[in-house]
Number of protein chains: 4
Amino acid sequence: MSRMDQAYALLEAECRDRGVDLDAACRRLAALEVETPSWGYGDSGTRFKVFRQRGVPRNPFEKIDDAAVVHRLTGACPSVAIHIPWDKVDDYRALADHARNQGLRIGAVNPNLFQDDDYMLGSLTNVQPEIRRKAIRHMLECVDIMREVDSSVLSLWVPDGTNYPGQGDIRRRKRWLEEALREVYAALEPGMRLLIEYKFFEPAFYHTDLADWGMAYLAAEKLGPQAQVLVDTGHHPQGTNVEHIVALLLDEGRLGGFHFNSRKYADDDLIVGAIHPYELFLIFCQILEAEQSDDERVASTARSIAYMIDQSHAIEPKIPAMIRSVCNIQTQFAKALLVPWHLLRERQEANDVLGAEAVLREAFEMDVRPMLYRLREEKGLPADPIKAFYESGYEEKISERGFGGSGW
Amino acid sequence: MSRMDQAYALLEAECRDRGVDLDAACRRLAALEVETPSWGYGDSGTRFKVFRQRGVPRNPFEKIDDAAVVHRLTGACPSVAIHIPWDKVDDYRALADHARNQGLRIGAVNPNLFQDDDYMLGSLTNVQPEIRRKAIRHMLECVDIMREVDSSVLSLWVPDGTNYPGQGDIRRRKRWLEEALREVYAALEPGMRLLIEYKFFEPAFYHTDLADWGMAYLAAEKLGPQAQVLVDTGHHPQGTNVEHIVALLLDEGRLGGFHFNSRKYADDDLIVGAIHPYELFLIFCQILEAEQSDDERVASTARSIAYMIDQSHAIEPKIPAMIRSVCNIQTQFAKALLVPWHLLRERQEANDVLGAEAVLREAFEMDVRPMLYRLREEKGLPADPIKAFYESGYEEKISERGFGGSGW
Amino acid sequence: MSRMDQAYALLEAECRDRGVDLDAACRRLAALEVETPSWGYGDSGTRFKVFRQRGVPRNPFEKIDDAAVVHRLTGACPSVAIHIPWDKVDDYRALADHARNQGLRIGAVNPNLFQDDDYMLGSLTNVQPEIRRKAIRHMLECVDIMREVDSSVLSLWVPDGTNYPGQGDIRRRKRWLEEALREVYAALEPGMRLLIEYKFFEPAFYHTDLADWGMAYLAAEKLGPQAQVLVDTGHHPQGTNVEHIVALLLDEGRLGGFHFNSRKYADDDLIVGAIHPYELFLIFCQILEAEQSDDERVASTARSIAYMIDQSHAIEPKIPAMIRSVCNIQTQFAKALLVPWHLLRERQEANDVLGAEAVLREAFEMDVRPMLYRLREEKGLPADPIKAFYESGYEEKISERGFGGSGW
Amino acid sequence: MSRMDQAYALLEAECRDRGVDLDAACRRLAALEVETPSWGYGDSGTRFKVFRQRGVPRNPFEKIDDAAVVHRLTGACPSVAIHIPWDKVDDYRALADHARNQGLRIGAVNPNLFQDDDYMLGSLTNVQPEIRRKAIRHMLECVDIMREVDSSVLSLWVPDGTNYPGQGDIRRRKRWLEEALREVYAALEPGMRLLIEYKFFEPAFYHTDLADWGMAYLAAEKLGPQAQVLVDTGHHPQGTNVEHIVALLLDEGRLGGFHFNSRKYADDDLIVGAIHPYELFLIFCQILEAEQSDDERVASTARSIAYMIDQSHAIEPKIPAMIRSVCNIQTQFAKALLVPWHLLRERQEANDVLGAEAVLREAFEMDVRPMLYRLREEKGLPADPIKAFYESGYEEKISERGFGGSGW
């Protein structure tokens, strides 16, 4: 028996003792899908400098090529998010076909409301009606693109805000935003979802129109069931209990998706799971617990979450950084799958503070590599996807691209 | 002409130039009422030490005596909040009469869900049904007391939360809380309001069941129009734009009241306006702008806000600290009254970022002492209430009380 | 072969592949000593409530009894810190003997500069010379006690600070503090160390005289080699990179010790490792890397660190919470022992960002329970110390104490 | 008598009552010099977008032209900081002459250690010796430029840091940095100062080599008296008491200068005084109190501070934003000049917490516009510099420049 098989057997025995079915956990893990973003394959950076790397994609088609590599190596990333206009092409069906031919599909469509000069003082909340109109039209254009690429998720980040007290009328801006979203929502087809992101700050530095989950929730709640909240793990004030927000949105049927990344300070956009892995695990605990809820609305909300990566690889090689991100997500997801929920409930009901805490922490402290290896083996994937990438020759191949375009 | 009169005349001239009616501003200022808390007159402190001061009240009646002094000297504090069981008495009508006899009324009634041993792991969200029941009964008792003291505000802070991941089931606790609030809400009479406070953390250190405005809003929204949100200025993560939250809750008709205090770090409970006076000014700007809204729901919400002080005077003499707090509120409120709204709107519409900012900042930089003196003169109040307090002999008188009870 | 033996064998094989000697790691782990605090066995809480638990110690002797139980079950806690005057006794030699008879020794002596009424506005930095003198005398008394109990560590937390701008003269206070510390330092015998703690805020809420590592460092640096900095893991602003501070203080030979605990918000004083386990691991990485430094000053500083727990168990049963804390420290320390330093260096030198990061993260993701079990087996300790505690009957025995005194 | 004269007379009378000499205060205010940065006149923005404005300078000479306008209108900005290589010119003497001809001088020289591709993983702390060498050479080049432009301040921001745990060896980087600074320091001529800036985070997101004042202090202290710390007001963790750091550095003779700006969240680089004006006032209080110290080292340190603006005007018109910044500094500086220090000391010594606080706050609440107007009148400056700018026709004139270069 190989070491990994021995380790799997040991883990299985321990899980059995704790009432956890390891094979079932592996199956759930195998079904986990994580969307990667087209812009994550291009150059990005900070306001101080974007370091350009050789081999980054020169166009949307090449971004999809890179995303396809990540999917081939991890088996977990069958869709790729696009960003308009960064991924503007003449023929979106051709783009979707290009994806399909490599085993991918187009995922969320992301409008851009921050790079046009007109948006300096706001897009959907701009005091000038014609600029609000322009922003709405761009959103509607994205809905059209969704139809063409067969996407079901419109992923909206409203970067609008102000830099100084008095600069804008907060309540008027709120109403303009609500008005704009109503129009966009009305254009959605059945089966399409509008995911509304929030962000504590940046690029606005005094007030951000959608600054927290409550503001995004309120916007979604006024629209209807096809509108939900998108949680970007890096978009909160320091100390925020993100898993609490996740639990709450699940309970309200309003958690639509995630933008995964990690942060130590502000919206650092580092590789997910790299800074505070326990937090990522606790988020998955809330989700997996909800997946088993008796309340069908909660359970189906949990099962319909769109898991997406949104990072800014300033200094890392892009494709390995993306693979690393996917593996980190799988690792913490796998650990959360090892939680014996019945035992947790039992100790919670017994007011056993230390005992209940231990149930979660012990799952986190387990080594889940045997699960990941088993999974890869069964799917015919390389045991070490990053190593496989470096051995594949793809890096050399794309270096011919020279210096490509910015991810953004 | 006295210096103050000269200064008033100069201010009036400047206001006239800016299109602001100073006399009208003074009238609005004169109508501002700020509720002081009975517990603010007793000893309080930190977990490390409560320093006891000579002369603090020994019972609820003496607390009301002290509150009456603050009202006599400031003319702005006609009501006093009470806290059950700290202010438990046999005869609440007698307590209300005691207040009335000194020109006061009983304001908000505050239940206590954190000092009973049963509440160690939660009150309204406790996993044990009998403890949840006990907490609900306490809330209903407070509604009864409201009737007896003729109070219209039930001011609810739910301190419940957990200290460790896994300790509690976040979603179950959320539902228990909703269930409990439904029962309490049903007991309210017409004209009574339930104000739901939120707090980022403390005394719970991992998750707090009502941790932010969104959670309090959601709870209120499920109950009905008599439930609103209470904003404690010190209960937010660092960096939070509190005036934005204020604007939003006004726009939704859900801003019910304030607990004023100030903070540099966590929930420091310092004298309001002592650490970040500009923030307090900006909060009042949002409110005064909303008072003039065309939207009647917004305007009437703004006009019905319950302004309350909630501080912990650990090292300050209690009564002077309370007077100082009231004066600080009046000062920032007065400055906000000097904002020329038409000019602000004009510059906002012209996309004049610096110009719009200047409109607010300039009002803040004005010296409003002439307004305060004028106001006090007209009401027959002492020009310097703290000085008047020290000269009144009250401090010596109450020193006979010896060392009284804790504010809490 | 038992499961644990199999798991150990697998871990050993993997370590060998990575160039890590697992047996050596286990030996280093076995030598790790963690001091527990006498006050951690008594009641403590928040400013809102101290929940009293049955069975807590009634006096310093009983605190030592409880500390001895923790040492018997973990084998890792041979010393106990005391706090004066909480642990004031007539005969300190008797207290030291009581400890020795149970296999313990007295560790750090902690003066108390915050609970005397005189210290309301400062102790060593009080504007009144007689209060400064009193505080200095208390410190000197603690040095005397150190001699009697044979302690080598004076662990100083200066809680002094101010609540309002202007309340104190920051620079005068700084000089008073320096003056006081010079006098205390002069009283130290060779072999004694003064460890100077810092804290971001609380109980002071505007400024704290020793607010960060830099201020504590500066104070230590002016005194001499027997003064070092004490890092309390919960005493930093949000986002602070604590392991960076640890590295820096090691490099300067000024890291004297730790107060371990964990926090999500402020100084929450939760069980160490419960909120952000990766951070604890990264701290140990810095230390273990420094232990192997070529620079003898750095290496000996690292090897002389005083590891101490300082927590406030508000809702947890005290002794199990302490055992849990010790186990959490051992767990993260064990993981840090699995880092292959040569490989890390190699990848750092190759500018392999992802590769270098992986070296640390992979060690963290390993399951180190086999190391802990092996260690306990070899020392004849129970495999599960918390379970062993509950089975020992000690809890029932101490319940006879009834409700003891506050830990503080 | 004009309104302003009346207001001045009233202010003077009040000051006299408080023992403050208003004319002397005005003289000190008149002597205040604030350096503006060449890069503040060009375009800048966030990582999401740099909005380009018509009329921004196309080269270093035009930046100086704009700085000269600010000086002509405010009378307070006789020097301009330059940044290499943004302000690289063939003939630095010509640049200095160009400044001189307009009544300006070149102030601090700022090296750039973040925009060269080689610096992606560090400059002075890079693991590759040849990159460290290159960075040192750049610093030495800046010292040469200082000689040519007759500058006495080398203003160093080291942006180096890492994004992931393990990426770099923190202690080795520390030593490389110390080594590099020693070489640069040795190249300074007498009269030249090296000001070492620190920053909490960004562009590095895991650890920053000089992350806080303590690290900058330590670096300066190892070099010698010509090295001091530069405080950028936006470079601290949330909640940091910046005025405390200022007081401490003054007391140690190590406060060399400021980069002024304001922030609500991270390093927002907004107009100084726009977000938290009271904090700016309190910083000036520390400085002005130190200017009068009996300790000559402290007083001379305070009197030698280099006051510099460092902002990023993302959405504001550049020149008016700079004028606004200067006026905000003057406003808060003027208020601090109104503090009656003897009274403050008296109340501090009487342990009068509220009274001492009031001394500072009351100065802040005064309206100092009469001082500013008096000052401008005496210097023959326009009463409203921003209005004067818009009326000057300069804006139209520079619009011929078209879209200039980035400030950065």
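For every chain, the first residue of the written sequence is number 1, and numbering continues from 1 along that sequence. Lettering for chains starts from A, numbering for ligands starts from 1, and both go in the order in which the items are written. Per-residue local features are limited, in this predicted model, to residues with pLDDT of at least 70; the limit for side-chain atom pairs, both in listing and counting, is 80 or more; totals at the level of whole chains, interfaces and linings are taken over all residues. Side-chain measures here rest on the full set of heavy atoms in the structure, leaving out hydrogens and waters.

### Quick look at the packing of aromatic side chains
What counts as a ring pair is set by centres within 6.5 Å for rings of Phe, Tyr and Trp (its six-membered ring), and what kind of pair is set by the plane angle: stacked under 30 degrees, edge-to-face over 60, tilted for all other angles. Applying the stated criterion to the full structure yields 90 aromatic pairs over all chains. Centroid distance Phe-258 of chain B to Tyr-307 of chain B: 6.1 Å. Interplanar angle 5 degrees. Geometry classified as stacked. One end of the pair, Phe-258 of chain B, is in strand β9 (residues 255-260); the other, Tyr-307 of chain B, is in strand β10 (residues 306-309), with 49 residues separating them in the sequence. Plain terms: the ring middles of Tyr-278 of chain D and Phe-281 of chain D are 5.7 Å apart, the flat faces sit at 10 degrees to each other, and that makes the pair stacked. Taken together, the residues span about one helical turn, with Tyr-278 of chain D and Phe-281 of chain D both in helix α9 (residues 277-291) at a distance of 3 residues. Criterion for a charge above a ring: Arg CZ or Lys NZ at most 6 Å from the ring centre, at most 35 degrees from the ring normal. The positively charged end of Lys-134 of chain C is found above the aromatic ring belonging to Tyr-119 of chain C, 5.8 Å away from the centroid. Working definition: helices are DSSP H or I runs of at least four residues, strands are E runs of at least two. Numbering for both runs from the N terminus.

### Re the interface of chain D and chain C
Contacts between the two partners involve 59 residues from chain D and, on the opposite side, 59 residues from chain C. Taking both partners together, chain D and chain C bury about 4900 Å²; carbon and sulfur atoms supply 56% of that area. Any carboxyl oxygen of Asp or Glu within 4 Å of a side-chain nitrogen of Lys or Arg constitutes a salt bridge here. Between chain D and chain C we count 18 salt bridges in total. A salt bridge links Arg-172 of chain C to Glu-349 of chain D, with the shortest nitrogen-to-oxygen separation between them at 2.8 Å. Under the rule applied, a polar contact is a pair of N or O atoms within 3.5 Å (in protein, one hydrogen donor and one hydrogen acceptor; residues adjacent in sequence only if both atoms are side-chain atoms). Along the contact surface separating chain D from chain C lie 28 residue pairs in polar contact (both at pLDDT 80 or more). Residue contacts follow a heavy-atom distance rule, with two residues in contact if any of their heavy atoms lie within 4.5 Å. Buried area adds together the accessible area that both of two parts lose upon being put together, with accessible area traced by a 1.4 Å probe.

### Looking at the side chain of Ser-151 of chain C
Residues and elements named next belong to chain C. Considering the arrangement of structural elements, one finds Ser-151 in the loop between α5 (129-149) and β4 (153-156). Of note is the side chain of Ser-151, whose polar atom sits 2.7 Å from the backbone oxygen of Gly-107. Within polar-contact distance, the side chain of Ser-151 engages the backbone nitrogen of Val-153 at 3.3 Å. Once residues within four sequence positions are removed from consideration, Ser-151 is found in contact with Ile-106, Gly-107, Ala-108, Val-109, Met-146 and Met-192.

### Considerations on the interface of chain A and chain D
Listed as interface residues are 41 residues of chain A and, on the opposing side, 41 residues of chain D. Between chain A and chain D, the buried area comes to about 3900 Å², and carbon and sulfur atoms account for 66% of it. Interface area lost by chain A to chain D is led by Arg-47, Phe-48 and Tyr-265 of chain A, which between them contribute 23%. Along the contact surface separating chain A from chain D lie 8 salt bridges. Notably, a salt bridge pairs Asp-117 of chain D with Lys-49 of chain A, separated by 3.2 Å at the nearest N-O pair. If you look at where chain A meets chain D, you find 18 residue pairs in polar contact (both at pLDDT 80 or more). Residue composition of the side of chain A that touches chain D, by class: 23 nonpolar, 7 polar and 11 charged. Classes in brief: Ala, Val, Leu, Ile, Met, Phe, Trp, Tyr, Cys and Pro nonpolar; Asp, Glu, Lys and Arg charged; the others, Gly included, polar.

### A look at the relation of the copies chain D and chain C
Copy one and copy two of the chain differ by a rotation about an axis and a translation along that axis. We superpose the copies by least squares over the C-alpha atoms of residues that have a pLDDT of at least 70 in both of them. With an RMSD of 0.0 Å, chain D superimposes on chain C once it is rotated by 180 degrees and translated 0.0 Å along the axis. Those values place the two copies in the arrangement expected of a two-fold rotation axis. Closest approach to the rotation axis within chain D is made by the C-alpha atom of Gly-214 of chain D, at a distance of 2.2 Å. Here 100% of the contact residues of chain D are again contact residues in chain C; the copies associate through an equivalent surface.

### Comments concerning the nonpolar core
Throughout, nonpolar core names a set of buried Ala, Val, Leu, Ile, Met, Phe, Trp, Tyr and Cys residues whose side chains join them through atoms within 4.5 Å. Note on classification: 1.4 Å probe, protein chains only; a residue is buried when its accessible area is under 20% of the maximum for its type, exposed when over 50%, partly exposed between these limits. Within the largest apolar cluster, 560 residues are counted, with the highest numbers of intra-cluster contacts made by Leu-338 of chain A, Leu-338 of chain B, Leu-338 of chain C together with Leu-338 of chain D. When neighbours within four sequence positions are excluded, Leu-338 of chain C is seen to be in contact with Leu-11, Cys-15, Val-20, Leu-22, Ala-25, Ala-363, Met-366, Val-368 and Met-371 of chain C.

### Let's talk about a negative patch on the surface
Excluding any residue in a salt bridge, patches collect residues exceeding 30% relative accessible area, merging like charges within 9 Å and nonpolar Val, Leu, Ile, Met, Phe, Trp and Tyr side chains within 5 Å. Computed by Shrake-Rupley with a 1.4 Å probe, the accessible areas treat only the displayed protein chains as cover when residues are assessed. Counted charges follow a simple rule, with Lys and Arg positive, Asp and Glu negative, and His plus the chain ends left uncounted. A charged residue contributes its charge at one atom only: NZ of Lys, CZ of Arg, CG of Asp or CD of Glu. Together, Asp-21, Asp-23, Glu-377 and Glu-378 of chain A give the surface a local cluster of negative charge. With respect to the element layout, Asp-23 of chain A can be found in helix α2 (residues 22-30).

### A few points about the UniProt feature "domain: Xylose isomerase-like TIM barrel" (unreviewed entry) in chain A
UniProt positions are given in the numbering used here, feature names are shortened, and annotations may be inferred rather than shown by experiment. Look at the UniProt record and you will see "domain: Xylose isomerase-like TIM barrel" (unreviewed entry) annotated at residues 90-268 of chain A. As annotated, residues 90-268 of chain A comprises 39% helix and 18% strand, and the C-alpha atoms at either end are separated by 33 Å.

### Some points on the packing of helix α11 (residues 318-337) of chain B against helix α15 (residues 385-392) of chain B
Residues and elements named next belong to chain B. To define axes, lines are fitted to C-alpha atoms, for helices over the stretch in contact only, and angles between the resulting N-to-C directions are given on a 0 to 180 degree scale. Between α11 and α15, the least distance of the axes is 9 Å, while the angle of their chain directions is 160 degrees. One way to sum up the angle between α11 and α15 is to call them roughly antiparallel. The interaxial crossing formed by α11 with α15 has right-handed handedness. Listed contacts from α15 to Ile-319, Pro-320, Ile-323, Arg-324 and Cys-327 of α11 are Pro-385, Ile-386, Phe-389 and Tyr-390. Looking at side-chain class alone, the contact of α11 with α15 contains 8 nonpolar, no polar and 1 charged residues. The scheme is simple: roughly parallel for angles under 35 degrees, roughly antiparallel for over 145, roughly perpendicular for 65 to 115, oblique for anything else. Less than a right angle of anticlockwise turn of the near helix away from the far helix marks a crossing as left-handed, whereas a clockwise turn marks it as right-handed.

### Some remarks on helix α7 (residues 213-223) of chain C
Each full turn of the α-helix corresponds to 3.6 residues, which orients residues three or four apart in the same direction. All names here are of chain C. The buried fraction of α7 is high, at 9 of 11 residues. Two or three places before Gly-214, at the start of α7, stands the capping residue Asp-212, its side-chain oxygen 3.1 Å from that residue's backbone nitrogen. Positioned one or two residues after α7, Gly-224 has a phi angle of 140 degrees, which is positive.

### Things to note about the relation of the copies chain A and chain D
Placing chain A over chain D gives an RMSD of 0.0 Å and needs a rotation angle of 180 degrees, together with 0.0 Å of translation along the axis. Counting the interface residues of chain A, we find that 100% of their copies in chain D are interface residues as well, pointing to one common contact surface.

### Section: the pattern of salt bridges
Scanning the model with the defined rule gives 164 salt bridges over all chains in all. A salt bridge links Asp-144 of chain A to Arg-147 of chain A, with the shortest nitrogen-to-oxygen separation between them at 2.6 Å. Placement of the pair is Asp-144 of chain A and Arg-147 of chain A together in helix α5 (residues 129-149), with a separation of 3 residues, close to one helical turn. Take Asp-144 of chain A: its relative accessible area is 39%, and that puts it in the partly exposed class. Residue classification places Arg-147 of chain A among the partly exposed positions, given a relative accessible area of 35%. Within this structure, Arg-171, Lys-174, Arg-175, Glu-178 and Lys-222 of chain A together with Asp-251, Glu-252, Glu-289 and Asp-295 of chain B form a network of salt bridges that share partners.

### Re the side chain of Thr-208 of chain A
Positionally, Thr-208 of chain A belongs in strand β7 (residues 207-208). Its relative accessible area of 4% is what places Thr-208 of chain A among the buried residues. Each residue touching Thr-208 of chain A, except ones within four places of it in the same chain, is listed here: Asp-160, Gly-161, Lys-199, Phe-200, Phe-201, Glu-202 and Met-215 of chain A together with His-244 of chain B.

### A closer look at unusual backbone geometry
For the bond from Glu-202 of chain A to Pro-203 of chain A, the omega torsion is 10 degrees, close enough to zero to count as cis. Relative to the assigned elements, Pro-203 of chain A resides in the loop between β6 (193-197) and β7. Cis geometry is adopted by the peptide bond preceding Pro-85 of chain B, which originates at Ile-84 of chain B and carries an omega value of 15 degrees. In this structure, Asp-269 of chain A is a non-glycine residue whose phi angle is positive, near 60 degrees. Within the secondary structure layout, Asp-269 of chain A lies in the loop between β9 (255-260) and α9 (277-291). Unusually for a residue other than glycine, Asn-351 of chain A sits at a positive phi of about 55 degrees. Topologically, Asn-351 of chain A is positioned in the loop between α12 (341-349) and α13 (353-365).

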